[in-house]
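Topology and contacts: notes
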Amino acid sequence: MHKAAIKPERRLPALAISHGIGIGRVVFLHGENQRFFRIDLDPSQVETELERFRSAVDECSRQLRSLSTPEHADPNQPVSGIFGVHLLIIEESSLIAKIESAIRDRQVNSEWALKIVSDQYIERQEKVADPSFREKFLDIEDVSRRILTVLNGSPSKAQLTYSGAVVVARELRPSTILDLKKNLPAALITERGGWTSHASILAREFGIPMVSGLRSVDHKLSHGDH
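Residues numbered from 1 in each chain as written. Predicted model: local features only at pLDDT ≥ 70, side-chain atom pairs only at ≥ 80, totals over all residues. Heavy atoms only, no water.

Remark: helix α2 (residues 78–91) packs on helix α7 (residues 174–181), axes separated minimally by 11 Å, with the N-to-C direction vectors making an angle of 140 degrees. Judged on the interaxial angle alone, α7 and α2 are oblique. The handedness of the crossing between α2 and α7 is left-handed. Each of I82, F83 and H86 in α2 lies in contact with α7, whose residues at this interface are P174, S175 and L178. (Axes fitted to C-alpha atoms, helices over the stretch in contact; angles between N-to-C directions. Helix = DSSP H or I, 4+ residues; strand = E, 2+ residues; numbered from the N terminus. Parallel < 35°, antiparallel > 145°, perpendicular 65-115°, else oblique. Left-handed = near helix turned anticlockwise from the far one by under 90°. Contact = heavy atoms within 4.5 Å.)

And the structure:
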């Protein structure tokens, strides 16, 4: 009686990232609520803004140190290694120093300086010829979003019903995989992300079935599809 409402089975080509079969309703990953915004500072406000930024960076370092060396965890496991890389981006790369320079030289707020510098890093990384290194731009983006979340003072509250769902996204960052794991999704589908990306490594580590490379995913799948 309801046959007209049932969609026929379709097979869509994609790259297998994490083995397994996941069956569930399609749920598109909710976007980040945080937004970059610009505030022009008076010269007298710059040092206070730098202190605000450094405080946020210190908090992010604390979070990443905890994630990279969790109690009783094997430091050789992917979770520790991936967030250890994020900690190195904060503590050893030139990223933080350049953001501080942008705050000082352009006299803008931390959020806008973070956007200016991280966009430059991401654009440069996306042009790398080797795909396995090119995808590391997601790690820079992940670190930037972590700092932005701390600066904004509250994490994203976007919580759809991911439990038992096939979660669909353009791309996934390692921190997003860690958050999704808590909701026990049935599977993950992304447009971007290869075998060696950190998000892919975590999907395999957590045993979440995942495929990638499904182009124009929002045109091929609809929210609620089985």
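Right, let's talk about the side chain of E100 for a bit. Within the secondary structure layout, E100 lies in helix α3 (residues 95–106). With a relative accessible area of 16%, E100 lands in the buried category. Setting aside its immediate chain neighbours within four residues, E100 contacts L50, F53 and R54. (Buried < 20%, exposed > 50% of the residue type's maximum accessible area, 1.4 Å probe, protein only.)

Of the two faces of strand β4 (residues 187–190), the one lined by A187 and I189 and the one lined by L188 and T190 are each fully buried. Read from strand β3 (residues 166–169) through α7 to β4, the crossover connection turns out right-handed. When β4 meets strand β5 (residues 210–212), the two strands line up parallel, connected through 2 bridges. Bridge assignment links L188 to a residue of β5, and that residue is M210. At this point the chain moves from β4, through helix α8 (residues 198–205), to the parallel β5, and the crossover so formed is right-handed. (Right-handed = clockwise from strand over helix to strand, strands pointing away. Pairing = 2+ DSSP bridges.)

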